[in-house]
Amino acid sequence: MEYLPSEQQQQNVPLHLIVCCQCGTPIEPNPANTCVACVRTLVDITEGIPKQGTLHFCKGCERYLQPPSTWVTAPLESHELLAVCLKRLNGLNKVHLVDAGFVWTEPHSKRVKVKLTVQKEVFSGAILQQVFVVEYVVHGQMCDECHRREAKDYWNSVVQVRQKVSHKKTLFYLEQLLLKHQTHQPALRVKGNRYGLDFFFAHKQEAVKLVEFLVAVIPCHSKASRELISHDTHNNTYNYKHTFSVEIVPICKDSLVCLPLKLAQSLGHIGQLVLCHRISTSVQLVDPQTIQTVDLTSQVFWRTPFVSLCEQRQLVEFFVVQIELTSVANSKFVLADCWVTRLKELGTTSHHIHTRTHLGHLLHPGDVALGYDLTTTNVNDTNFDKLKSPPDVVSTSSGHVAMVTLFQRC
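So, a few notes on the structure that sits alongside this text. All values reported here derive from a predicted model rather than from experimental measurement.

### With respect to the overall build of the protein chain
Tallying secondary structure elements over the protein chain gives 10 helices and 24 strands in all. For the protein chain, with 410 residues in total, the buried portion stands at 41%. In the protein chain, the share of contacts with a sequence separation of at least 24, taken over all contacts with a separation of at least 6, comes to 60%. By element, 50% of the accessible surface of the protein chain is carried by carbon and sulfur atoms, the whole surface being about 23,700 Å².

Set out below in structure tokens:
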């Protein structure tokens, strides 16, 4: 505790000493005519302010309780935690708060100490300043959201993500996006399904946010429905459970598809037999006969849906016998005439299959490439049956196994 310097003291004006009215000690004149030691025994400006307190901390979400029912994320010695500590002090409005800061404690000690500097006017104009420390004890308390998450049986909304394909390549890509953007964190639990995933949420807004994220990063469409759980006729309130169905286009990378004739004409007269080059916000297709590319949006796909002719598990290894580049090329692909033979028939037959490929910049004689053998594949598709002269082989990638390629060359 100390007196604040007066204006005459700040101007370095010499003052005469007086005697303290309590103990007789010579002091400089002040409005109370009392020394600091005697004022400390007579007046305590921090009276009514508790020197100990309690903070409630949730270990599940690492948040602190701000009464009455708000949970705030606040790291140690942060401005947010200091605000929570000051709001829990009663009587702080009776004094003038000058400064506040943390006193260092061990992170595992469950103690938080705050050093406060306050001022108050006493004895007809005398302003006193005092410094004191408030110690808080951190108690563990689980918030309502973590209670529901641990119970694992309470949910208000569910997002059902589905893709009806034989493998989960696009779902693996979606999983990486969810982990990167941390969009799955509000979910109470995630349940696997044969054709996708189910995300359970405690609030509808969290489910809507996930659906908006999925629509923005992958080609899909969504539907919403709700089920009435209870109804209060007195205050006219309803309790619903919401279900959001998100269906991803059933096309994966390296899948072979046959476009409907009208859809192919509307996409710049691209060939009907195309390969899926990449899946992003849209489906990127490439015609291996002309290297023409097109981006197929989810709106266009669901207006005229179609399925894959062949998927990745139907790929066959081919040995590249001869390749001749053409003058047709773009920034990604080079068109080439290619003669291949099945790798399992290498050395047993002299029959070579001719095809056109968009991988002319990657393939060389002696390489092993992956492709779809349409002569031996059982295809059940009306659009494919209407094609006049489909190719025998469609090449999708080269250098499937580097060890096999090097071994064949040796």
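### Quick look at helix α3 (residues 79-87)
Taken together, the buried positions of α3 are occupied by Leu81, Leu82, Val84 and Cys85. Taken end-on, α3 shows its buried residues confined to a sector of 160 degrees, consistent with a single buried face. Turned more than 90 degrees away from the buried face of α3 sit His79 and Lys87, all of them exposed. Summarising the contacts, the buried residues of α3 are in contact with β4 (52-58), β5 (63-66), β7 (96-103), β8 (111-122) and β9 (126-140).

### Describing the packing of helix α5 (residues 169-181) against helix α6 (residues 204-217)
For the pair α5 and α6, the least separation of the axes is 12 Å and the interaxial angle reads 125 degrees. Taken together, the axis directions place α5 and α6 in an arrangement best described as oblique. Considering how the two elements wind past one another, α5 and α6 form a crossing that is right-handed. Residues Leu174, Leu177, Leu178 and His181 of α5 form the contact with α6, whose participating residues are Leu210, Phe213, Leu214 and Val217.

### What to know about the pattern of salt bridges
Tallied over the full model, the rule gives 5 salt bridges. A salt bridge links aspartate 337 to arginine 356; the nearest nitrogen and oxygen atoms lie 3.0 Å apart. Placement of aspartate 337 in strand β21 (residues 334-342) and of arginine 356 in strand β22 (residues 353-357) is noted, with a sequence separation of 19 residues between them. Taken together, the salt bridges that share partners define one network made up of Arg342, Glu345 and Asp373.

### Focus: the side chain of asparagine 156
Note on placement: asparagine 156 falls in the loop between α4 (144-151) and β10 (157-162). Side-chain polar atoms of asparagine 156 contact the side chain of serine 157, separated by 3.2 Å. Among all residues touching asparagine 156, those that are not within four sequence positions of it are Phe201, Ala202, His203, Lys204, Asn239, Tyr240, Lys241 and His242.

### Quick word on the pairing of strand β12 (residues 196-201)
Burial analysis of β12 places 5 of its 6 residues in the buried class, the great majority of the element. Relative to β12, β10 runs antiparallel, the two sharing 6 bridges. Looking across to β12, one finds that valine 159 is bridged to phenylalanine 199. When strand β11 (residues 189-193) meets β12, the two strands line up antiparallel, connected through 5 bridges. Paired with glycine 192 across the bridge in β12 is leucine 197. Taking the residues between adjacent antiparallel strands as the criterion, β11 and β12 are bridged by 2 residues.

### Some remarks on the nonpolar core
In this structure, Val159, Val161, Leu214, Leu259 and Leu285 are the most contacted members of the largest nonpolar core, which totals 37 residues. With 6 residues, α6 is the largest single contributor of residues to this core. Beyond its immediate sequence surroundings of up to four residues, valine 161 is in contact with Leu171, Leu174, Tyr195, Gly196, Leu197, Phe199, Leu214, Val246 and Ile248. Of all hydrophobic cores here, the second largest spans 27 residues; its members include Ala32, Tyr64, Val95 and Val112.

Rules used in this analysis
- Residues numbered from 1 in each chain as written.
- Predicted model: local features only at pLDDT ≥ 70, side-chain atom pairs only at ≥ 80, totals over all residues.
- Heavy atoms only, no water.
- Helix = DSSP H or I, 4+ residues; strand = E, 2+ residues; numbered from the N terminus.
- Buried < 20%, exposed > 50% of the residue type's maximum accessible area, 1.4 Å probe, protein only.
- Contact = heavy atoms within 4.5 Å.
- Areas by Shrake-Rupley, 256 points an atom, 1.4 Å probe, with all protein chains shown as cover.
- Arc of directions from axis to C-beta.
- Axes fitted to C-alpha atoms, helices over the stretch in contact; angles between N-to-C directions.
- Parallel < 35°, antiparallel > 145°, perpendicular 65-115°, else oblique.
- Left-handed = near helix turned anticlockwise from the far one by under 90°.
- Salt bridge = Lys/Arg side-chain N within 4 Å of Asp/Glu carboxyl O.
- Polar contact = N/O pair within 3.5 Å; in protein donor to acceptor, adjacent residues only side chain to side chain.
- Pairing = 2+ DSSP bridges.
- Core = buried A, V, L, I, M, F, W, Y, C linked by side-chain atoms within 4.5 Å.

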